[in-house]
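# Structure at a glance
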Amino acid sequence: MKNYKLALKATIRANSNLALIKYWGNKDPYWNIPTNDSISVSLDALKSTTKLEFGDDYKDDFILNDKLLTGEGKDRIDFVLAKFREFSRFDTPIHAESENNFPTAAGIASSASGFGALAHALYEASGLAYTNDDVSRLARLGSGSAARTIHPGYAHWFAGENHETSYAKQIKPPDDLKIIVAITEKSAKPVSSFEAMELSKTQSPFFVEKAIQSKDNIEPMLTALKENDFSTLGQIAQKEANNLHAVINTTGLGIPYWNARTLELMQFVNALRENENIEAYYTIDAGPQVKILCKPESVKPIVNRLQNLEVAQDIILSGVGNGSQVM
Ligand code: PMV
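Computed from a prediction, not measured in an experiment: that's the story for all the values here. (Residues numbered from 1 in each chain as written. Predicted model: local features only at pLDDT ≥ 70, side-chain atom pairs only at ≥ 80, totals over all residues. Heavy atoms only, no water.)

## Considerations on the overall build of the protein
In terms of helices and strands, the protein carries 8 helices and 14 strands. In terms of overall size, the protein behaves like a compact globule, its C-alpha atoms giving a radius of gyration of 19 Å where 327 residues would be expected to give roughly 20 Å. Projected onto its principal axes, the C-alpha coordinates of the protein cover approximately 60 × 40 × 40 Å. Looking at the protein residue by residue over its 327 residues, the buried ones come to 54%. Contacts in the protein between residues at least 24 apart in sequence constitute 76% of all its contacts with a sequence separation of at least 6. Distance between charge centres in the protein, computed from 34 positive and 40 negative side chains, equals 2 Å. (Helix = DSSP H or I, 4+ residues; strand = E, 2+ residues; numbered from the N terminus. Rg over C-alpha atoms; globule rule 2.2 N^0.38 Å. Buried < 20%, exposed > 50% of the residue type's maximum accessible area, 1.4 Å probe, protein only. Contact = heavy atoms within 4.5 Å. Lys, Arg positive; Asp, Glu negative; His and termini not counted. Charge placed at Lys NZ, Arg CZ, Asp CG, Glu CD.)

If you want it as C-alpha cells, here you go:
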C-alpha cells in the first residue's frame, strides 16, 4: 500500500509473462473475467517501459515505439483510461510513451507488459493510494494476461466472478527456470487473441473441455512449483499449450497462428527429450513463437542445436523476471 503523495508522472518497467496454465476465453468479455484461473511466469528478457504524465494540456496521446497509437490498440487504452477515471475520479488528461524491447503483437505477450505498465503508471503517477490488486484489476481490463504482470516470479490469476474478485497474486518468487524464446515470425499476428478467444467460445468443439483441463491442472501446477518439480511443471505446460491450440485450430476453419517453423520447433523440443536426454518442454501462445522451458545447464546445448537448425529468426534467452517496477 502506497501513501498519498503528489506526483503527476511516473515511469514503470513491466516484464512480459508466459502462461503455464493458459487463459483462453471470458465468461464476461466486457470486464475480461476469464473462464478459468491461469498461472504464469514473468520473463526477465521481455520488457515494456512506459512513461506517463498527467497534465491539463495533454490529449490522452499514447506513443508506442515512437509512433502515435491509433485504431484498436488505442481504443483498448482509452477503455482502461475511462475505467481508471471512473474508479479514481482522477480525470486529468495524460501523455504516455511506451517502448517494448521485443516485437509487438507477435505472440510474445506485448499486451501483458504494455497494459501492466500502463495500469501501474496510472496509479503511481496519480499519487493516489493503491494496492497490487488494484493494478492487477486495472491491467486486466486492457488485456487479461496483463493482470499477472505486477508480480515477480510466478503469478496465479484467480478467475473470480466480477471486477472486484478477478486479479492475480504472487505464488512464488523468481527461481532458476530458463525460457528460450524462438522467434519464427516478426510480423503482427492475423487475429488478436481477444477476438480469437471470443470466436473459440462458439466455434470450437473443445472450448469447454480445455477450460475443464485447465481447472484440473491448477493444483498439480501449484504443487510442482512448491516442490521445484521441473518435470511436472514442463509436462503440464506443454499439455496446456497443446490443449490451447486444439481449441485455436478447431475455431472455425482454424486460426492460423502456427507456421511451418513452429511445428518444426515443437518436434525439435520433443526430440531433445526423447533422443538426446535433454529435458525441455515447449509452450506456445496466440502466435507462432515457441518458448522452450529448461534448466540452466540445458540452455547452451539447446541454443547450439537451435542455431544449427536455422529455423528461428531470433533467439531470446530469458530467466524468470521481476514484477512491474517504478523506475
Ligand atoms: O491477454 P491476452 O488477451 O493477450 O490473451 C492471452 C492469451 C494467451 O497468451 C494465449 C494465454 C495466457 O494465459 O496468456
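Picking up after the structure, the text goes on.
## Considerations on the domain arrangement of the protein
Reports often express the size of an interface as the amount of accessible area lost when the parts come together. Domain annotation for the protein reports domain 1 (8–174) and domain 2 (178–318). Taking the mean C-alpha position of each, domain 1 and domain 2 sit 23 Å from one another. The largest contributions to the domain 1 side of the interface with domain 2 come from Leu-20, Lys-22 and Trp-24, which together make up 27% of the buried area. Between the two partners, domain 1 and domain 2, sit 1 salt bridge. One salt bridge in this structure joins Asp-285 and Lys-22, with 2.6 Å as the shortest N-O distance. (Domains from an automatic or database assignment. Buried area = accessible area lost by both parts, 1.4 Å probe. Salt bridge = Lys/Arg side-chain N within 4 Å of Asp/Glu carboxyl O.)

## Describing the site of the ligand
Of all residues adjacent to the ligand, which total 14 residues, the nearest are Tyr-23, Ser-143, Ser-145, Arg-148 and Ser-193. Between Ser-111 and the ligand, the recorded distance is 3.4 Å, taken from a side-chain N or O atom to an oxygen atom. Within the side chain of Ser-145, an N or O atom sits 2.6 Å from an oxygen atom of the ligand. Taking 380 Å² as the accessible area of the ligand by itself, protein coverage stands at 93%. (Near = heavy atom within 4 Å. Polar contact = N/O pair within 3.5 Å; in protein donor to acceptor, adjacent residues only side chain to side chain. Areas by Shrake-Rupley, 256 points an atom, 1.4 Å probe, with all protein chains shown as cover.)

## So, the packing of helix H2 (residues 110–126) against helix H3 (residues 132–142)
Helices that pack against each other are described as a pair by the angle of their axes relative to one another and the distance between those axes. Two numbers describe how H2 lies on H3: the axes approach to 8 Å, and their chain directions differ by 130 degrees. In terms of orientation, H2 lies oblique with respect to H3. Between H2 and H3 lies a crossing whose hand is right-handed. Facing H2, whose interface residues are Phe-115, Gly-116, Ala-119, His-120, Leu-122 and Tyr-123, H3 presents Asp-134, Val-135, Leu-138, Ala-139 and Gly-142. (Axes fitted to C-alpha atoms, helices over the stretch in contact; angles between N-to-C directions. Parallel < 35°, antiparallel > 145°, perpendicular 65-115°, else oblique. Left-handed = near helix turned anticlockwise from the far one by under 90°.)

## Examining the environment of Thr-250
Position of Thr-250 relative to the elements: it lies in the loop between helix H6 (230–249) and helix H7 (260–276). According to the relative accessible area criterion, Thr-250 is partly exposed, its value standing at 23%. Discounting chain neighbours no more than four positions away, the residues touching Thr-250 are Gln-203, Ser-204, Pro-205 and Phe-206.

## Concerning the packing of aromatic side chains
As enumerated under the stated definition, the model contains 8 aromatic pairs in all. Arranged with centres 4.6 Å apart and planes meeting at 75 degrees, the rings of Phe-54 and Phe-90 form a pair that is edge-to-face. Of this pair, Phe-54 sits in strand S4 (residues 38–54) while Phe-90 sits in the loop between helix H1 (71–88) and strand S7 (94–100), placing them 36 residues apart in sequence. Here the two residues Phe-54 and Phe-90 agree in accessibility, since each one is buried. Ring plane angle 65 degrees and centroid distance 5.6 Å describe the contact between Phe-230 and Tyr-281, whose orientation is recorded as edge-to-face. You can see Phe-230 sitting in helix H6 and its partner Tyr-281 sitting in strand S11 (residues 280–283), a full 51 residues away along the chain. (Phe/Tyr/Trp six-rings, centres within 6.5 Å; stacked < 30°, edge-to-face > 60°.)

## What about the nonpolar core?
Judged by nonpolar contacts, the single largest core of 31 residues is most densely connected at Leu-52, Phe-54, Leu-118, Leu-122 and Leu-138. Elements that contribute at least two residues to this core include exactly strand S1 (9–21), S4, strand S5 (61–64), H1, S7, H2 and H3. Of all the elements, H2 adds the most residues to this core, at 8 residues. Apart from residues no more than four positions distant in its own chain, Leu-138 is found in contact with Val-80, Lys-83, Phe-84, Phe-87, Ala-119, Leu-122, Tyr-123 and His-163. Core analysis: the second largest hydrophobic core is formed by 26 residues, Ala-45, Phe-102, Tyr-281 and Ile-316 among them. (Core = buried A, V, L, I, M, F, W, Y, C linked by side-chain atoms within 4.5 Å.)

## Notes on the sheet that holds S11
The 4 strands lie next to each other as S11-S12-S10-S13, forming an open sheet whose pairing is antiparallel. Among the strands making up the open sheet, the edge pair consists of S11 and strand S13 (314–318). On average, each strand axis in the sheet is inclined to that of its neighbour by 25 degrees, with strand direction left out of account. Judged from the 5 bridges that link them, strand S10 (residues 178–183) and strand S12 (residues 290–294) form a sheet pairing that is antiparallel. The residue of S12 that forms the bridge with Lys-178 is Cys-294. Across the sheet, H6 lies against S11 and S12, angled at about 30 degrees from S11, the strand it touches most. On top of the sheet, H7 reaches S10, S11 and S12; it is set at about 155 degrees to S11, its chief contact. (Pairing = 2+ DSSP bridges.)

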